Amino acid sequence: MRNRSSKATWNAVLSMFGPYFIANLIMLVAIIFFWVTQPKINDPSTYWSIALVGLLLLAAALFVVKGARGLQRVNAEAREDRRRHAAGLPLERE
């Protein structure tokens, strides 16, 4: 089977998922921890487990937001580069 996608396409896909690697890893740890401890909502001895899973989910959400803001910044820079290219200006900023 022939490879129909270019190397640039794969680089774009991998760069898009790059910022979310840590968030995905934390989510995996949270899911495994939840599965191993199996906390019960009525059992006071497992409140620490529920709290720890919630903390891990919050940390993963923060990394997702951080990654999304980074991608948003890259998109804004690319938009500015396209505008400068269309206006005939050099891409290097002074």
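Quick caveat: nothing in here was measured; it's all calculated off a predicted structure. (Residues numbered from 1 in each chain as written. Predicted model: local features only at pLDDT ≥ 70, side-chain atom pairs only at ≥ 80, totals over all residues. Heavy atoms only, no water.)

### Quick notes on the packing of helix α2 (residues 21–37) against helix α3 (residues 47–86)
Working step 1: Contact geometry of α2 with α3 gives a least axis separation of 8 Å together with a crossing angle of 165 degrees. One finds that α2 runs roughly antiparallel with respect to α3. The two elements α2 and α3 cross, and the hand of that crossing is left-handed. Seen from α2, the contacting residues are I22, A23, I26, M27, V29, A30, F33, F34 and T37; seen from α3, they are W48, S49, L52, V53, L56, L57, A59, A60, F63 and V64.
Working step 2: Classifying every residue of the contact of α2 with α3 by side-chain character gives 17 nonpolar, 2 polar and no charged. (Axes fitted to C-alpha atoms, helices over the stretch in contact; angles between N-to-C directions. Helix = DSSP H or I, 4+ residues; strand = E, 2+ residues; numbered from the N terminus. Parallel < 35°, antiparallel > 145°, perpendicular 65-115°, else oblique. Left-handed = near helix turned anticlockwise from the far one by under 90°. Contact = heavy atoms within 4.5 Å. Nonpolar A, V, L, I, M, F, W, Y, C, P; charged D, E, K, R; others polar.)

### Details of the pattern of salt bridges
Working step 1: The final tally for this structure, using the stated rule, is 1 salt bridge.
Working step 2: Measuring nitrogen to oxygen at the nearest pair gives 2.7 Å for the salt bridge that ties E80 to R83. Taken together, the positions of E80 and R83, both in helix α3 and 3 residues apart, correspond to about one turn of that helix.
Working step 3: On the basis of relative accessibility, which here comes to 26%, the residue E80 falls in the partly exposed class.
Working step 4: Accessibility expressed as a relative area gives 44% for R83, which makes it partly exposed. (Salt bridge = Lys/Arg side-chain N within 4 Å of Asp/Glu carboxyl O. Buried < 20%, exposed > 50% of the residue type's maximum accessible area, 1.4 Å probe, protein only.)

### Re α2
Working step 1: The end-to-end C-alpha distance of α2, which contains 17 residues, comes to 24 Å, matching closely the 24 Å that a straight helix rising 1.5 Å per residue would cover.
Working step 2: Of all the positions in α2, only A23, I26 and A30 are classed as buried. End-on view of α2: buried residues confined to an arc of 65 degrees, all on one side of the axis. Seen from the buried face of α2, the exposed residues on the opposite side, beyond 90 degrees, are F21, I31, W35 and V36.
Working step 3: Elements that come into contact with the buried residues of α2 comprise α3. (Expected span 1.5 Å × (residues − 1). Arc of directions from axis to C-beta.)

### Thoughts on α3
Working step 1: With 40 residues, α3 extends 58 Å between its outermost C-alpha atoms, agreeing within 8% with the 58 Å of an ideal straight helix rising 1.5 Å per residue.
Working step 2: Of the surrounding secondary structure, the elements contacted by the buried residues of α3 are α2.
Working step 3: Looking one or two residues past α3, G88 carries a phi angle of roughly 80 degrees, positive in sign.

### What to know about a nonpolar patch on the surface
Working step 1: Where nonpolar side chains cluster on the molecular surface, the patch consists of F21, I22, L25, L28, I32, W35 and V36 and spans about 760 Å² of accessible area.
Working step 2: Tracing the backbone shows V36 in helix α2. (Patch = residues over 30% accessible without salt bridge, like charges linked within 9 Å, V, L, I, M, F, W, Y side chains within 5 Å. Areas by Shrake-Rupley, 256 points an atom, 1.4 Å probe, with all protein chains shown as cover.)

### Thoughts on the confidence of the model for the protein chain
Working step 1: Summarising the model, the protein chain shows a mean pLDDT of 79, and 78% of its residues fall at 70 or more.
Working step 2: Summarising per-element confidence for the protein chain, the mean pLDDT is lowest in helix α1 (residues 7–17) (62) and highest in α2 (87). (pLDDT = per-residue confidence, 0-100.)

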